[in-house]
Amino acid sequence: MSQNESSQRLSPAQIDSLRRQALAVAARAYSPYSGFRVGAAVLLEDGSIITGCNVENASYRLTTCAEQSAIASAVAQYGPSVRIQAVVITNLNDAASQPCGACRQTIQEFSSPATEIFFPAENGSLTRATIADLLPHAFLLKEQ
Ligand code: THU
């Protein structure tokens, strides 16, 4: 995919396909403590799609969110140069939810200003945001 194509907005069909893949992986969530089953589908700029779900832990704070799980898998499968074109987050609890602060910082690491982030709104639709919307003044370990 060319740079130009990758910076275009996703079509409704692409968003729906990612949402379905996020729902499918949410069914594999390990969330015995919260009962909240989250799935994330990440579309990379080369067209690859990687999914992840939340994995909880009895110590609670060791929980891995769906977004972090998907992004870690993307790096493991495709290497450190992965760039995120879009990420769709969903859950099987019919709940509105937004990426947590830690996930925003994780998404930021592999995003561009054009990266599209979708998450469940109150009415069952998806809210679209950029990383700048979600994480202004992100921590960056480099000179800008
Ligand atoms: N969770 C995610 O996986 N992603 C989010 O964006 C929000 C929260 C998970 C963490 C925990 O397993 C459960 O949802 C409840 O917080």
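See the structure above.
If you're wondering where the values come from, they're calculated on a predicted model, not measured in any experiment.

Conventions and cut-offs
Residues numbered from 1 in each chain as written. Predicted model: local features only at pLDDT ≥ 70, side-chain atom pairs only at ≥ 80, totals over all residues. Heavy atoms only, no water. Axes fitted to C-alpha atoms, helices over the stretch in contact; angles between N-to-C directions. Helix = DSSP H or I, 4+ residues; strand = E, 2+ residues; numbered from the N terminus. Parallel < 35°, antiparallel > 145°, perpendicular 65-115°, else oblique. Left-handed = near helix turned anticlockwise from the far one by under 90°. Contact = heavy atoms within 4.5 Å. Near = heavy atom within 4 Å. Polar contact = N/O pair within 3.5 Å; in protein donor to acceptor, adjacent residues only side chain to side chain. Nonpolar A, V, L, I, M, F, W, Y, C, P; charged D, E, K, R; others polar. Buried < 20%, exposed > 50% of the residue type's maximum accessible area, 1.4 Å probe, protein only. Lys, Arg positive; Asp, Glu negative; His and termini not counted. Salt bridge = Lys/Arg side-chain N within 4 Å of Asp/Glu carboxyl O. Expected span 1.5 Å × (residues − 1). Phe/Tyr/Trp six-rings, centres within 6.5 Å; stacked < 30°, edge-to-face > 60°. Pairing = 2+ DSSP bridges.

Engineer: Go over the packing of helix α3 (residues 66–78) against helix α4 (residues 101–109) with me, naming the residues and quoting the values.
Structural biologist: Where α3 contacts α4, the axes come no closer than 9 Å and their chain directions differ by 25°. Accordingly, the angle class assigned to the pair α3 and α4 is roughly parallel. For the element pair α3 and α4, the recorded crossing hand is left-handed. Counted together, E67, Q68 and I71 of α3 and A102, C103, T106 and I107 of α4 form the full contact between these two elements.

Engineer: Mind laying out the site of the ligand, listing which residues take part and the relevant values?
Structural biologist: Every residue lining the ligand is accounted for by S34, F36, V38, N54, E56, T63, C65, A66, E67, Q98, P99 and C100. In this structure, E56 approaches the ligand through a side-chain N or O atom, which is 2.5 Å from an oxygen atom. A distance of 2.5 Å separates an oxygen atom of the ligand from a polar atom in the side chain of E67. Residue composition of the shell around the ligand, grouped by class: six nonpolar, four polar and two charged.

Engineer: Give a description of the side chain of E56 that names residues and reports values.
Structural biologist: By the element assignment, E56 lies in the loop between β2 (49–53) and α3. Of the buried charged residues, E56 lacks a salt bridge, with R37 as the closest side chain of opposite charge at 10 Å. Within polar-contact distance, the side chain of E56 engages the backbone nitrogen of Y33 at 3.1 Å.

Engineer: Explain α3 residue by residue, including any values.
Structural biologist: Given a rise of 1.5 Å per residue, 13 residues ought to cover 18 Å, and the 18 Å separating the end C-alpha atoms of α3 matches this to within 8%. For α3, the elements touching its buried residues are β1 (38–44), β2, β3 (84–91) and α4. Directly after α3, the chain includes G79, whose backbone phi takes a positive value near 95°.

Engineer: Can you break down unusual backbone geometry residue by residue, with the values?
Structural biologist: The backbone of D94 shows a phi angle near 50°, a positive value even though the residue is not glycine. Checked against the element boundaries, D94 lands in the loop between β3 and α4. Even without a glycine there, the phi angle at H137 is positive, about 60°. Structurally, H137 can be placed in the segment after α5 (131–134).

Engineer: Residue-level account of the packing of aromatic side chains, with values.
Structural biologist: By the definition in use, this model includes one aromatic pair. Centroid distance Y33 to Y60: 5.5 Å. Interplanar angle 40°. Geometry classified as tilted. Of the two residues, Y33 is situated in the loop between α2 (12–26) and β1 and Y60 in the loop between β2 and α3; the sequence distance between them amounts to 27 residues.

Engineer: For the pattern of salt bridges, give the residues involved together with the corresponding values.
Structural biologist: Within this structure, the stated rule accounts for three salt bridges. A salt bridge links R128 to E116; the nearest nitrogen and oxygen atoms lie 2.7 Å apart. Of the two residues, R128 sits in strand β5 (residues 126–129) while E116 sits in strand β4 (residues 116–120), which places them 12 residues apart along the sequence. R128 gets classed as partly exposed once you look at its relative accessible area, which sits at 30%. Among the charged side chains, a network of salt bridges with common partners joins D16, R19 and R20.

Engineer: How would you sum up the pairing of β1? Please name residues and give values.
Structural biologist: Within β1, seven of the seven residues are buried, leaving the element largely enclosed by the surrounding structure. Residues V38, A40, V42 and L44 point to one face of β1 and G39, A41 and L43 to the other, with burial holding for every one of them. Here β1 pairs with β3 via seven bridges, running antiparallel. Each residue of the ladder has a partner; that of A41, found in β3, is V88. With five bridges joining them, β1 and β2 adopt antiparallel strand pairing. Among the inter-strand pairings, G39 is bridged to a residue of β2, identified as C53. As consecutive antiparallel partners, β1 and β2 are separated by four residues, and within that stretch G47 has a phi angle of approximately 95°, a positive value.

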